[in-house]
Amino acid sequence: MINENEWAGAAARNNAEWCDAVCRTHGLRGEFGAGMWSSARRTPPLYPDAVTLTPDASAAGLVARIDTASPGCSVKDSFACLDLEPLGFEVLFEAQWIRREAGPTPIAASLDWEQIKSPESLPAWETAWNDGEEGTGLFRPGLLSDGTTFLAAYAEGRIVAGAIASPGASAVGVSNLFTSADEESAWAGCLAEVARLWPDLPVVGYESGESLDAAVAQGFTPIGPLRVWLHTG
């Protein structure tokens with residue numbers, strides 16, 4: 001049983017496992033060890049090269065495990081406690097890990113959500129997630145057979161909202177939530193489908209700004225800060 005003080009670590013682990021799954025579909029082999037997950041080769045766009053799993057992970061040890069020579073190298077400092085500036089990094093953004101008990105939200109969703117089960121549907125999902133710009137194949141079909149669940153809500157035959165659910169041993173991670181309408185309603189629909197698929201698992205993720213406010217309004221609790229660093233040389 002995970003206690004409240006350990007939930008940030010559990011959320012970080014879930015997120016690292018999701019990053020690892022994305023990397024595997026791109027032919028990259030990540031490694032768990034030394035209090036972190038890391039990839040020795042540059043990861044796909046928008047995905048970190050390392051995710052810390054404990055607050056005592058070594059900054060120097062982390063940087064030694066990743067490719068800082070390639071543009072775009074980044075680190076997810078899961079406990080917002082590393083000082084990576086002397087190693088050539090600057091803060092890209094800060095956010096909060098969030099957690100919610102199992103179960104749907106009390107408000108009714110305005111749209112019904114469903115799973116994306118066909119690889120042929122992934123490009124349309126990625127295009128909707130990418131604000132209508134054609135996807136580049138970031139999310140590959142191998143994810144559908146790796147335990148990852150892509151969720152979508154449709155209106156008039158097109159995807160208008162979506163999210164990614166990554167189930168783990170202790171929680172379901174929800175990421176990449178998007179909508180063309182109200183974010184609170186999107187959370188309600190997403191959480192209803194997550195509760196149907198994994199009725200006994202709490203939900204974790206991370207958000208910031210107005211997206212954090214929308215998540216909190218749907219029952220999430222902030223459980224700790226995180227920081228993403230970008231290598232600028």
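Coordinates for the structure precede this section.
Right, let's walk through the structure included here. Every value quoted in this text rests on a predicted model; they were computed, and no experiment measured them.

Its volume calculated, the largest pocket comes out at about 830 Å³. Forming the boundary of the largest pocket are 33 residues, of which Leu46, Lys76, Phe93, Asn176 and Tyr206 lie nearest the centre. Among the secondary structure elements, those contributing two or more residues to the lining of the largest pocket are helix H1 (7-25), strand E4 (74-77), strand E5 (89-100), strand E9 (172-179), strand E10 (203-207) and strand E11 (221-231). Of the residues in the lining of the largest pocket, the class split is 18 nonpolar, eleven polar and four charged. Of the pockets and cavities examined, the second largest pocket occupies roughly 160 Å³. Elements with a contribution of two residues or more to the lining of the second largest pocket: strand E8 (158-167) and E9. A breakdown of the residues in the lining of the second largest pocket according to their chemical character gives four nonpolar, three polar and two charged.

Next up on the list: the environment of Thr232. Tracing the sequence through the fold places Thr232 in the segment after E11. Classification of Thr232 as partly exposed rests on a relative accessible area of 47%. In this structure Thr232 touches Gly88, Phe89 and Glu90, once residues within four positions along its chain are discounted.

Before going further, it helps to examine the nonpolar core. Ranked by internal contacts, the top residues of the largest apolar core, which has 23 residues, are Trp18, Tyr47, Ile116, Trp125, Phe139, Leu143 and Phe150. Elements with a minimum of two residues in this core: H1, helix H3 (122-129), strand E7 (149-155) and E8. Considering each element in turn, this core owes the most residues, six residues, to H1. Of all hydrophobic cores here, the second largest spans 22 residues; its members include Val172, Val174, Leu177 and Leu201.

Calculation rules
Residues numbered from 1 in each chain as written. Predicted model: local features only at pLDDT ≥ 70, side-chain atom pairs only at ≥ 80, totals over all residues. Heavy atoms only, no water. 1 Å grid on protein atoms, 1.4 Å probe; cavity = no way out; pocket = protein on both sides within 12 Å on 5 of 7 lines; lining within 4 Å. Points joined across faces, edges and corners; volume = space filled by probe spheres on them. Helix = DSSP H or I, 4+ residues; strand = E, 2+ residues; numbered from the N terminus. Nonpolar A, V, L, I, M, F, W, Y, C, P; charged D, E, K, R; others polar. Buried < 20%, exposed > 50% of the residue type's maximum accessible area, 1.4 Å probe, protein only. Contact = heavy atoms within 4.5 Å. Core = buried A, V, L, I, M, F, W, Y, C linked by side-chain atoms within 4.5 Å.

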